[in-house]
Every structure is written in structure tokens, then in C-alpha cells.
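Remarks on the overall topology
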Amino acid sequence: MRPSVGLLVAINFYLYTPSSSRSVQIDYENDSFLKDGKPFRYISGSIHYSRVPRYYWKDRLMKMYMAGLNAIQTYVPWNFHETTPGKYDFSGDRDLETFIKLANDVGLLVILRAGPYICAEWDMGGLPAWLLRKSSVVLRSSDPDYLKYVDIWLSVLLPKIRQFLYQNNGPIIAVQVENEYGSYFACDYDYLRHLSKLFRHFLGNEVILFTTDGDGEGYLKCGSLQGLYATIDFGAGGNITKQLNTQRYAEPHGPLVNSEFYTGWLDHWGQKHSVVGKEIIAKSLDEMLALGVNVNMYMFGGGTNFGYWNGANSPYSPQPTSYDYDSPLSEAGDPTEKYFTIRQVIGKFKKLPIGPVIPATPKFAYGTIGVKKLQSVVELASYLSFSAPVTSEYPLTFVEMDQYYGYMLYRNTLPVNCTQGTILASPLNGVHDRAYVMVNGVFQGILERNKIIWINIIGQAGSRLDILVENMGRINYGKDIHDTKGLVTNLTLGSQILTNWTIYSLNIDEAISNGLLNKLQKLPGLTATTKVNVPSFYLGSFVIPSGIPDLPQDTYLKFPGWTKGQVWINGFNLGRYWPVKGPQITLYVPAHILSTSAVNNITVLELEKAPCRGELSMACAVEFVDTPILNATNAHTNMHNYLFRKYP
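Residues numbered from 1 in each chain as written. Predicted model: local features only at pLDDT ≥ 70, side-chain atom pairs only at ≥ 80, totals over all residues. Heavy atoms only, no water.

**Thoughts on the state of the cysteines**
- This model, assessed by the stated rule, comprises two disulfides.
- Across a sulfur-sulfur distance of 1.9 Å, Cys187 and Cys222 are joined as a disulfide pair. Across the disulfide from Cys187 to Cys222, rotation about the S-S bond amounts to roughly -85°, and the bridge is consequently left-handed. Taken together, the positions of Cys187 in the loop between strand 7 (172-176) and helix 6 (189-203) and Cys222 in helix 7 (residues 217-223) put the pair 35 residues apart, joining distant regions of the chain. (Disulfide = S-S within 2.5 Å. Helix = DSSP H or I, 4+ residues; strand = E, 2+ residues; numbered from the N terminus.)

Structure (C-alpha cells):
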């Protein structure tokens, strides 16, 4: 039975007693923060605990501390902790409380961005996809069908963080409500008021609650609310004084705050790698610190969209696995030239910690590893689907199948002869996001959202039609975050709407983590596929060499000759690879998922074409290297107007 809100409040009253000697307040008269009654300014950096393995949290936090930061900022992705309704996970890499404690132990204050929406180039902006089970729900609004789940989630999250508020002897000095709401179409003040009351209900009246919006009055008009301190975000290279004056539209008095000072920018598959020069960052940072501005650098520590957590922008353009962001600390946590430049600037305004900067973590090139072809996804569909396939007259979406990430298989039969080639089409652009089409196991082509809405297919009437649909990440920003996945509208064959589908919900991650693919190879009659261009699995293994000290070490996985897919090491989903698109070529492999005492297994799901040259005896291979490649296409340079404008 779920405890009532009233009971939770009563429990909190007794558990968390504020310390009268500790406080963080806003001094409106002197345009400053006060910490313990004295003027205070934070110099902060963003790090996302959800994008950095727990194994490396302390390493990253120590490096941020040694850069001269006195605070960090982090998001709480709701869908990271409640992947299915009512089931909460705060363990392992999701252990938010341990992350906050580590920051406190290191000597860093915490600015917590608690959502419920966060953007962050994270799948659906951190909102759980299961919210879409009611198709009419209006996200980020006072729609009761949305708020009822927000209330439940925040009644779980906020009591957890109350003990870590600064006045309760913890490190949290401020908590953000929502995120960049002024950029959203709804402009629902009742929604913001509801959130404000809820945060106060659980966190009390002493904590500073704030909002963040772009540096335009239009953003602040819908994004700010009385009782929530309004801050802004902007990047380097502009007129700092003019940009800061925007905040005065909503906050005539109080501390100046740039909650997202962009040290880099995000990437998209098939587009150029974003790079922002250290010189322009240093100049703007110096100007802001000289004016007494409170600054949070976004990002300070890069990270990784492991698994399926990457987001996308609209018009639909998914982000890659790497969230390096051209940050001062790279995706692997290595100090860059930008790190030392920023540290030097900070040193002009405050005393830097004594001691050397923590060096980069060592990397090791484990070399080329052969992988053996197994079966295609189509051949293994019944094994990968842990529940019976569902029949439906029309296609069902991921959410309707109670699946939220990964891949689903749609099966049908050709109702007519297509021996001369017949158009298979999604007239309403309803393939979300990429569909791999096969007839009797023979590859026919790819349908892709916004790009390819029809292909010609060949086959006899009665032939089996298989369509593997990939969810490539949900839109995380703007009006299109209500992003449904799968075949979201009907397909046509010629002039005929295809009906009577059989749909397989595929649990590939669980199958791999349980070693199912290995076990299946022992079944009689199950042989490896001979086709190289249909979605198929490949399996390899390697042993970390002995006699070399300090192994395992971080490494990077490269895919020479491969096209597009997903990869797992020892059951850990590293994420997506797509080297033919770029700009990311290598995937970051953190040391903690590797083993020195057992064989390491690599599972590759190649969706298009593997580099094996036909014969099964000719093995494919992947390669471990010690240097990342994130810029396979030309870098964005001197692109301030492009990099730091709001999404359309």
C-alpha cells in the first residue's frame, strides 16, 4: 500500500531537522546569494550521474573540485529510475543518494535539477515513455492524466533528497523546478504553480527553488513564476552584459546566474562534430566572473548515452552514443586543454585547491577481436520474445505492446504477387524510427522516419514479410516530445492497406545478459545465417592479457567495415554505433565492465551489413583502440550563432 502524502510529510518532519547555523538565501538588496549569512558565489559545472558509471563518480568529482569549482549541477532523469510504473530503481549506477554523498565528501555543493522534465538530450527529456499509454495526455501541463504520475514520482524523489539540503547538513544549495519551460508551447502557469507547491510541500520553505530559461524575454515570460528564482542560460562569444540584463526582466534584483554556460555543444548522427574553442570560453567566463555572476558550466564533465538513453531533436535527428560535448573533462573523464584553461581563469577569482590535477585514466588497445556470425533477428524472434506474439488487425506501437526501448518485429504475409516489384509505403510517415524490411528472410530495403517512406519489394503472394523497427531515441525538446515509437500508422502495399499483423516484443538485452544466444547455439538444427545484410547477431570473446599491470583499463571499440547496430560487452549495453554516418566512430568502454579473471564476451547486433565477405568461415572483427574518434566529419568551428541558439 502506498503511503499517503500526509504520512510522508509527517515522517519527514521528524527525520529532517534544519540546522540553524546553516542557510543559503537570496540577498535581493545586494544582488547576491548568502551562505551562512555571508556573500557567496558559486562556480559550478554540470555532470550527469546517469551518463557516468558509478565506478568513476569520485574520479570525475575530484577532477571538478581540483579545477576550482565549488559546486556541481546534475539532472535527475525520471525515466532512469522508474522504467515501468511503480517500480523504482535507485541502485548501482542509479544510486542518486550515493552520488550526492560523494559530492559532499569531495567538498562540492550540489545544484539539483529535479525535473520532472529535464531535456538534457536524454530520451524524451527524462519523462517515462509509459506516460504515452494514454495517447491524449498533454505532457508538461496541468493535464490530470500527466499530473497524477508526476505527483507520485515526486512523492518518491523529493523525500529522498530533503535530507541532503544544505540546511539539513547536506550539500544541496538549490533545486530547479522543471527546465526551460518558456521554450515549451503549453505556457501553463497552473502547471508551474502545482510543481512549486509540491516542491515546497516536500522540501520546505528554506530551500532556494529556481527555474532556468533561455536569454530572451519571451522565454522568461512563460518559464518564470513568482516564488521560483528565475535564471537564464547562454553560451560564449556574445554581449555578456546584454545577455545578463535579460534576467532582470524576471528578477529586477538578486544574484545574476547563468545556469547553463555552454562549454561545447551536442552532436547528431550524420552531422559535424561540435567544437567550441577554449579561448572563446575563457574570455566569456572571465567576463562573467569579473561581474560577480554565478556560473554553471554545461557540460563540465562529458558522459555516455549507454544503452538506448540518447535523445533526439526535431525535425527528427537522433543524438549519438557519446555525450562528450567537447567538455573540459572528456567523455572518459580526461582533463583537456579546455579544462586547464578554465582552471586558470577560475584561479584569478578564487584560490585553487592545493595539489596536482588528477591525470587522465590510462587506456589500453586490446587489439582486434574476431566475432562469429550467429542467427538473424528474424530467425530468433520466438526466442527473443519472452511473451507470446500479439496479433492485431493494424500495427501496434511500442507503448501499446508495453515495450519502451530497443526493437520490435512486425510480421505479415504478402497478400498479392510482387514479382515485378511493388511499393511498400508509409504514406503518413509513420515509421518511428527505422525499419529493416525482409521478405522470406531476404533483405528488401529500409524505411526511415522523415527520409524514406517507400521502397520496392519483391516476393510471391503468401511470402513472409518481416519488418524490424528500431526506436532510435525519443525527441527530448520542444512540442514533439510526445514521441510514439514503432509503426505508428498503417503501411500500404501498392494501393492496399496491410492488415492482420503478428507483433513480437523483443527483449534483446535480457536475452544477452542471460547468455541465451550462447545457449541457443547448442540446439540441434539451429545454424548460422548465410546472409550478410539482414539484422543479425555476432558473438566474440577475448581474454585480457596477463603480466600487464593495472588492467583492465578503459578502451574504445571501433567497427571497421561495419554499418549500424548495437553492441554489448559482458551483457552491458554500450550503445549504438553508426560509423558510416559519424561523427562518432568509436564507443567508450569503461574499465569496470571488463574482467581480468574470466573471458569477456562481445555481442554485436548489426542491422544492415557486416564486413564478412560472404563465406561463414571468413570472420568479422571489431577492434579495441586507445584513442577515441568522435570527429569523423569536419568540426564546427566559429559557429556561435548556430551552436547557442535555441532549437526551432
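**Describing helix 8 (residues 240-250)**
- For helix 8, every residue scored as buried is listed here: Ile240, Gln243, Leu244, Thr246 and Gln247. Projected down its long axis, helix 8 shows its buried positions confined to an angular sector of 130°, all on one face.
- Its buried side turned inward, helix 8 meets helix 7, strand 9 (229-235), strand 10 (257-262) and helix 9 (278-290). (Buried < 20%, exposed > 50% of the residue type's maximum accessible area, 1.4 Å probe, protein only. Arc of directions from axis to C-beta. Contact = heavy atoms within 4.5 Å.)

**Quick notes on the pairing of strand 11 (residues 294-298)**
- Across the five residues that make up strand 11, a large majority, five, are buried.
- Going residue by residue along strand 11, you find Asn294, Asn296 and Tyr298 tucked away on one face and Val295 and Met297 tucked away on the opposite face as well.
- Here strand 4 (residues 43-46) pairs with strand 11 via three bridges, running parallel. Bridge pairing in strand 11 links Gly45 to Met297.
- Here strand 10 runs beside strand 11; their pairing, made up of four bridges, is parallel. Bridging across to strand 11, Asn258 finds its partner in Val295.
- Handedness of the crossover joining strand 10 and strand 11 through helix 9: right-handed. (Pairing = 2+ DSSP bridges. Right-handed = clockwise from strand over helix to strand, strands pointing away.)

**Thoughts on the nonpolar core**
- Of all hydrophobic cores here, the largest spans 170 residues; its most connected members are Leu139, Tyr146, Met297, Phe537 and Trp562.
- Per-element tally for this core: the top contributor is helix 5 (residues 144-162), with nine residues.
- In this structure Met297 touches Ile43, Ser44, Gly45, Ser46, Leu69, Phe261, Thr263, Leu285, Ile342 and Ile346, once residues within four positions along its chain are discounted.
- Met408, Leu414, Ile455 and Trp501 belong to the second-largest nonpolar core, a separate cluster that totals 24 residues. (Core = buried A, V, L, I, M, F, W, Y, C linked by side-chain atoms within 4.5 Å.)

**Regarding the sheet that holds strand 22 (residues 442-448)**
- The strand order across the open sheet built from six strands is 17-28-18-24-21-22, with neighbouring strands paired in antiparallel fashion. Strands with a single pairing partner mark the edges of an open sheet, and in this sheet they are strand 17 (390-392) and strand 22. Strand-to-strand twist in this sheet, taken as the mean axis angle between neighbours without regard to direction, amounts to 25°.
- Strand direction decides the pairing type here: strand 21 (residues 434-439) and strand 24 (residues 464-470), joined by six bridges, are antiparallel. Each bridged residue has a counterpart across the sheet, and for Ala435 the counterpart in strand 24 is Val469. (Axes fitted to C-alpha atoms, helices over the stretch in contact; angles between N-to-C directions.)

**Here's the deal with helix 6**
- Helix length check: helix 6 (15 residues) gives 21 Å between terminal C-alpha atoms against 21 Å at 1.5 Å per residue, within 8%.
- Within helix 6 the residues assigned to the buried category are Tyr191, Leu192, Leu195, Ser196, Leu198, Phe199, Phe202 and Leu203. Buried residues in helix 6, looked at end-on, bunch into an arc of 165°, giving them a common side.
- Where helix 6 begins, one side-chain oxygen reaches toward the backbone nitrogen of Asp190, 3.1 Å away; that side chain belongs to Asp188. (Expected span 1.5 Å × (residues − 1). Polar contact = N/O pair within 3.5 Å; in protein donor to acceptor, adjacent residues only side chain to side chain.)

**Points about the confidence of the model for the chain**
- On average, residues of the chain carry a pLDDT of 93, and 94% of them reach 70 or more.
- Throughout residues 1-16 the model reports pLDDT below 50, and contacts reaching past four residues in sequence, or to other chains, amount to 15 contacts.
- When the criterion is pLDDT under 50, residues 634-648 qualifies, and its contacts beyond four places in sequence or with other chains add up to 38 contacts. (pLDDT = per-residue confidence, 0-100.)

**Digging into the packing of aromatic side chains**
- As enumerated under the stated definition, the model contains 39 aromatic pairs in all.
- With 6.4 Å between their ring centres and 65° between their planes, Tyr49 and Phe80 make a pair best called edge-to-face. Note that Tyr49 is positioned in the loop between strand 4 and helix 2 (57-66) and Phe80 in helix 3 (residues 78-81), a separation of 31 residues in sequence. Like Tyr49, the residue Phe80 is buried in the burial classification.
- Consider the rings of Phe80 and Trp309, whose centres lie 5.6 Å apart with planes at 75°: the pair is edge-to-face. Within this pair, whereas Phe80 is found in helix 3, its partner Trp309 is found in the loop between strand 12 (303-304) and strand 13 (312-313), the two being separated by 229 residues in sequence.
- Put simply, the rings of Tyr49, Trp57, Phe80, Phe99, Trp122, Trp309 and Tyr405 pair up and form one aromatic cluster.
- Lying over the aromatic face of Tyr184, Arg140 brings its terminal NZ or CZ to 4.3 Å of the ring centre.
- If you follow Lys160 out to its NZ or CZ, it ends over the ring of Phe90, 4.6 Å from the centre. (Phe/Tyr/Trp six-rings, centres within 6.5 Å; stacked < 30°, edge-to-face > 60°. Lys NZ or Arg CZ within 6 Å of the ring centre and 35° of its normal.)

**Notes on the side chain of Gln444**
- Inspection of the secondary structure assignment puts Gln444 in strand 22.
- Only 3.2 Å separates the side chain of Gln444 from the backbone oxygen of Val442, close enough to count as a polar contact.
- Setting aside chain neighbours within four positions, we find Gln444 in contact with Val437, Met438, Val439, Ile455, Asn456, Ile457 and Ile458.

**Overview of the side chain of Glu606**
- With respect to the helices, strands and loops of the structure, Glu606 is situated in strand 34 (residues 600-606).
- For the buried Glu606, no salt bridge is present, and the opposite-charge side chain at shortest range is Arg434, 7.9 Å distant.
- A polar contact of 3.2 Å, which involves the side chain of Glu606, links it to the backbone nitrogen of Thr563.
- Within the local environment of Glu606, its side chain forms a polar contact with the backbone nitrogen of Glu608, the two atoms lying 2.9 Å apart.
- Ignoring anything within four residues of it in the chain, the contact list for Glu606 reads Val534, Pro535, Ser536, Tyr538, Trp562, Thr563, Lys564 and Tyr577. (Lys, Arg positive; Asp, Glu negative; His and termini not counted. Salt bridge = Lys/Arg side-chain N within 4 Å of Asp/Glu carboxyl O.)

**Notes on a nonpolar patch on the surface**
- Residues Ile423, Ile453 and Trp454 make up a contiguous nonpolar surface patch of roughly 270 Å² in combined accessible area.
- In this structure, Ile423 sits in strand 19 (residues 422-425). (Patch = residues over 30% accessible without salt bridge, like charges linked within 9 Å, V, L, I, M, F, W, Y side chains within 5 Å. Areas by Shrake-Rupley, 256 points an atom, 1.4 Å probe, with all protein chains shown as cover.)

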